[in-house]
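Geometric and topological summary
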Amino acid sequence: MRRIFVHRAQARFQQVVIAGLAYIPLLLNDPGRLAADTKAYLYLDPGRLLARAPYMWQPELGLGTVTHQNIGYLWPIGPFFFAGESAGIPDWVVQRVWLGTILLGAGLGIRWLLRTLGWSGGGVLVGSLAYMLSPYLLNYLDRHSVILLPWAGLPWLIGITHRALRTPGWRHPALFGLVTLAIGGVNASSLLLVGLGPLVWLVWSGLERSAPWRRVLSTAVKIGVAFLATGLWWMVGLAVQAMHGLPTLRLTENYRVVSDAATAPELFRGLGYWYFYGQGRLGAWVEPATSYTRWALPLSFGLPLLGLLVAAIVRFRHRGHILALMVVGLLVGIGAHPYDAPSPLGRIFREWTLSDSGLALRSTPRVLPLFLLSTALFLGAGIAALSAFKPRLEHFSTILISLLIIGNLSPLWMGNILGETVQRPEEIPEYWEQTAGYLDSKNPSTRVLEIPGADFSAYRWGNSGDPLLPGLMDRPYASRELIPLGTGPSAELLVAFDREIQEGRFDVNSLAPMSQLMNVGDVVVRSDLQFERFRTPRPKELWNTLLDAPDFLSPVEFGERIENIAGPERPMLDEHTLAIPNSYETP
């Protein structure tokens, strides 16, 4: 009885530790501020986003566009933020709880998987923390957290697969389908790459004869049916977009960029995603990345090396399964690196990426959860082996390795896991709300054109990622962004129109005719952009040029006339700025 009580107390303690590390550091990270994560409209008006998500054709954006994976916001992220909004919870708190819930799902998933496999003790806690606090988080946490959902779901999928092999019926395949329903709607490629984990588990179970091949095949069919049944809604959406929308995959990063960063050493420590290493005009795209090229370097290699050592010397049940996950995860993650001289297998994959189906899976580092899970399980196995050899060392070794794991994700406890350059205040400036209200009161049969275009909407007061107006008003909206929207001709029209503005060749006499061509009733000039970030026009110069545009009514202004001055990182004190006449008025 005493032993059962101790085990229960230990299990509760582990759950408290996992939950505390999932939520508390994030809630203490920049309170009151929002990271530009996933979609700005989740924070501006999630109800409006959910109302538009079921429709593949959106007349509100571009000059009318076929959406790409927008239907995925129907579940679970859209309802999550809508519930927070309805309950009156501050947006920044809802965001931190969302991010913490992803971490908690990953940590509890590993714990449940290990208990399914018959593990107990300190190794369960170490394995859970090693997976939950992997540096892999830094690639996506503050910009694309929805891509982390398959990572969080992987241990649940493997645990359910393991149970489905040993339990007849449809219960566990149905659970498998429900988990993929929760983690797979927004980014199909991440789900498919992570889905290799359950497939590897099934195949290895057949190869080592821990389950007969007939049962392996039967389980695979049942899981496949459940996956299709619960994922058909977003699969149909992807098919419609592929047939009628812009070739989005060919308008984003190419496979050479992805493969150049996917080196074996970087993948080995949980990194290797090309975006992690990018540099913009104001610094690193992922601000915590710099520490992983400096003082955090030894620890980020040390922990997976320790896991590899355990894999070599410790024998335990399911070691073969975990090694298979490790090998497949690393091989697929490397893909065709180096791009110009890949391995024979990599050369096949490189040629496949020239097709649309292959290009959809170009982000091979998103298969890393397989490798991370195997490393985490080997670290847990090391604690279990040590406690069996010297039971008195279990608590000490568990605490020591757990502290090293926490230290390996240094941005979490240093308070900078959410980069400053992707943040904005909880409340947007009031003049933006006033602008949206004014535009909604005008002719709803015409659209709003916003200039200048920008790759991403980074304002002087904060970064929202997406332009604000589509999330604040109901009228159709058009503006040039990095990823084009619309049909081919309409996207090219917007890009050509905005290029003249960006390069200082714009003829103001063309603004009214072009607006008429695009059925634009109102033109919004946003003069609060952080213009040095994406090299957009100087606000004062653009405004004073547009004042001479014929065939427009007198401009309506919102906000105060405040000089928009470039930040100290890139002050833009060049000949262009110095040539702006002093007589120009401040917008």
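You'll find the structure just up there.
Fair warning: this is a prediction, and the values are worked out from it, not measured in the lab.

A few words on the overall build of the protein. Within the protein, the regular secondary structure consists of 25 helices and 11 strands. Taken over the C-alpha trace, the protein has a radius of gyration of 26 Å; the compact-globule value for 587 residues is 25 Å, and the two agree within 12%. With the C-alpha coordinates aligned to their principal axes, the bounding extent of the protein is approximately 85 × 55 × 45 Å. Within the protein, buried positions represent 54% of all 587 residues.

With that settled, the discussion passes to the pairing of strand E9 (residues 462-465). Along E9, one buried face is formed by Gly462 and Ser464 and the opposite face, lined by Asn463 and Gly465, is buried too. In the sheet, strand E8 (residues 457-459) pairs with E9 via 3 bridges, with the strands oriented antiparallel. Residue pairing for E9: Ala458 is matched across the bridge by Asn463. Where E8 folds back onto E9 in an antiparallel hairpin, the turn is made up of 2 residues.

The subject of this paragraph is the packing of aromatic side chains. The tally for this structure, following the rule as stated, stands at 27 aromatic pairs. Centroid distance Trp119 to Phe316: 5.8 Å. Interplanar angle 85°. Geometry classified as edge-to-face. Residue Trp119 is located in the loop between helix H5 (91-116) and helix H6 (122-132), and its partner Phe316 is located in the loop between helix H14 (297-313) and helix H15 (319-334); the two are separated by 197 residues in the primary sequence. On the numbers, 5.3 Å between centres and 20° between planes, the contact of Tyr131 with Trp151 is stacked. You can see Tyr131 sitting in helix H6 and its partner Trp151 sitting in helix H7 (residues 149-166), a full 20 residues away along the chain. On the basis of relative accessible area, Tyr131 is assigned to the buried category, the value being 0%. A network of ring pairs unites the aromatic residues Tyr136, Tyr140, Tyr273, Trp274, Tyr275 and Trp285 as a single cluster.

The next thing to look at is the environment of Glu500. You can see Glu500 is positioned in helix H22 (residues 488-502). For Glu500, the residues in contact, after removing those within four places along its chain, are Arg505 and Phe506.

Next up on the list: a nonpolar patch on the surface. On the surface, a cluster of nonpolar side chains totalling about 580 Å² of accessible area is made up of Leu199, Val203, Trp204, Leu207, Trp213 and Leu217. At the level of secondary structure, the elements contributing two or more residues to the nonpolar patch comprise helix H10 (196-207) and helix H11 (213-244). Among the elements that take part in the nonpolar patch, H10 stands out by supplying 4 residues, more than any other. Inspection of the secondary structure assignment puts Val203 in helix H10.

The end-to-end C-alpha distance of helix H19 (residues 394-408) is 21 Å, a good match for the 21 Å that 15 residues give at a rise of 1.5 Å each. Taken together, the buried positions of H19 are occupied by Glu394, Ser397, Thr398, Ile401, Ser402, Ile405, Gly407 and Asn408. Tucked inside the fold, the buried residues of H19 contact H6, H14, helix H18 (368-389) and helix H20 (410-414).

With that settled, the discussion passes to the nonpolar core. If you look at the biggest cluster of nonpolar residues, it comprises 131 residues, and the most contacted ones within it are Tyr131, Trp151, Leu373 and Leu469. Among the nonpolar cores identified, the runner-up in size contains 15 residues, and Ala478, Val508, Met518 and Leu542 belong to it.

What follows is about the pattern of salt bridges. Going through the model one piece at a time under the given rule, you end up with 22 salt bridges. A salt bridge links Arg350 to Glu351; the nearest nitrogen and oxygen atoms lie 3.5 Å apart. By relative accessible area, Glu351 is classed as partly exposed at 43%. Here Asp574 makes a salt bridge to Arg535, at a shortest N to O gap of 4.0 Å. A residue pair is termed long-range when its members are at least 10 positions apart, and Asp574 in the loop between helix H24 (539-546) and helix H25 (575-578) and Arg535 in the loop between strand E11 (520-525) and H24 qualify at 39 residues. Given the relative accessible area of 18%, Asp574 is considered buried. Residue classification places Arg535 among the partly exposed residues on the basis of a relative accessible area of 40%. Ionic contacts of the salt-bridge type, sharing partners, join the residues Asp45, Arg48 and Asp474 into one network.

Our next topic: the environment of Met56. Inspection of the secondary structure assignment puts Met56 in the loop between helix H3 (46-52) and strand E2 (57-58). The exposure class assigned to Met56 is buried, which follows from its relative accessible area of 16%. Through-space distance from the C-alpha of Met56 to that of Gln241 is 7.5 Å; in sequence the pair is 185 residues apart. Non-local contacts of Met56, meaning those with residues more than four positions away in its chain, are made with Thr65, Val66, Thr67, Gly237, Val240 and Gln241.

Take the pairing of strand E7 (residues 447-451) next. Across the 5 residues of E7, 5 count as buried, placing the element largely inside the fold. What you see with E7 is no split at all: Arg447, Leu449 and Ile451 on one side and Val448 and Glu450 on the other are buried throughout. Where E7 meets E11, 5 bridges bridge the pair, whose relative direction is parallel. Residue pairing across strands places Ile451 opposite Val525, the latter belonging to E11.

For the rest of this paragraph, the subject is the packing of H6 against H19. Between H6 and H19, the shortest axis-to-axis distance is 9 Å and the interhelical angle comes to 5°. Judged on the interaxial angle alone, H19 and H6 are roughly parallel. Two secondary-structure elements touch here, H6 through Gly122, Leu125, Val126, Leu129 and Ala130 and H19 through Glu394, Thr398, Ile401, Ser402 and Ile405. Here the contact of H6 with H19 is built from residues that sort into 6 nonpolar, 3 polar and 1 charged.

As a further point, take unusual backbone geometry. That bond from Trp75 to Pro76 is cis: its omega, 0°, falls within 30 degrees of zero. Tracing the backbone shows Pro76 in the loop between strand E3 (65-66) and helix H4 (77-86). Here Ile451 and Pro452 are connected by a cis peptide whose omega angle stands at -5°. In this structure, Pro452 sits in the loop between E7 and E8. Here the phi dihedral of Arg209 falls at roughly 65°; this positive angle occurs in a residue that is not glycine. With respect to the element layout, Arg209 can be found in the loop between H10 and H11. The exposed category is assigned to Arg209, whose relative accessible area is 75%. Although it is not a glycine, Asp551 sits at a positive phi angle of roughly 70°. By the element assignment, Asp551 lies in the loop between H24 and H25. Looking at Asp551, the relative accessible area reads 73%, which means it is exposed.

Cut-offs and rules
- Residues numbered from 1 in each chain as written.
- Predicted model: local features only at pLDDT ≥ 70, side-chain atom pairs only at ≥ 80, totals over all residues.
- Heavy atoms only, no water.
- Helix = DSSP H or I, 4+ residues; strand = E, 2+ residues; numbered from the N terminus.
- Rg over C-alpha atoms; globule rule 2.2 N^0.38 Å.
- Buried < 20%, exposed > 50% of the residue type's maximum accessible area, 1.4 Å probe, protein only.
- Pairing = 2+ DSSP bridges.
- Phe/Tyr/Trp six-rings, centres within 6.5 Å; stacked < 30°, edge-to-face > 60°.
- Contact = heavy atoms within 4.5 Å.
- Patch = residues over 30% accessible without salt bridge, like charges linked within 9 Å, V, L, I, M, F, W, Y side chains within 5 Å.
- Areas by Shrake-Rupley, 256 points an atom, 1.4 Å probe, with all protein chains shown as cover.
- Salt bridge = Lys/Arg side-chain N within 4 Å of Asp/Glu carboxyl O.
- Expected span 1.5 Å × (residues − 1).
- Core = buried A, V, L, I, M, F, W, Y, C linked by side-chain atoms within 4.5 Å.
- Axes fitted to C-alpha atoms, helices over the stretch in contact; angles between N-to-C directions.
- Parallel < 35°, antiparallel > 145°, perpendicular 65-115°, else oblique.
- Nonpolar A, V, L, I, M, F, W, Y, C, P; charged D, E, K, R; others polar.

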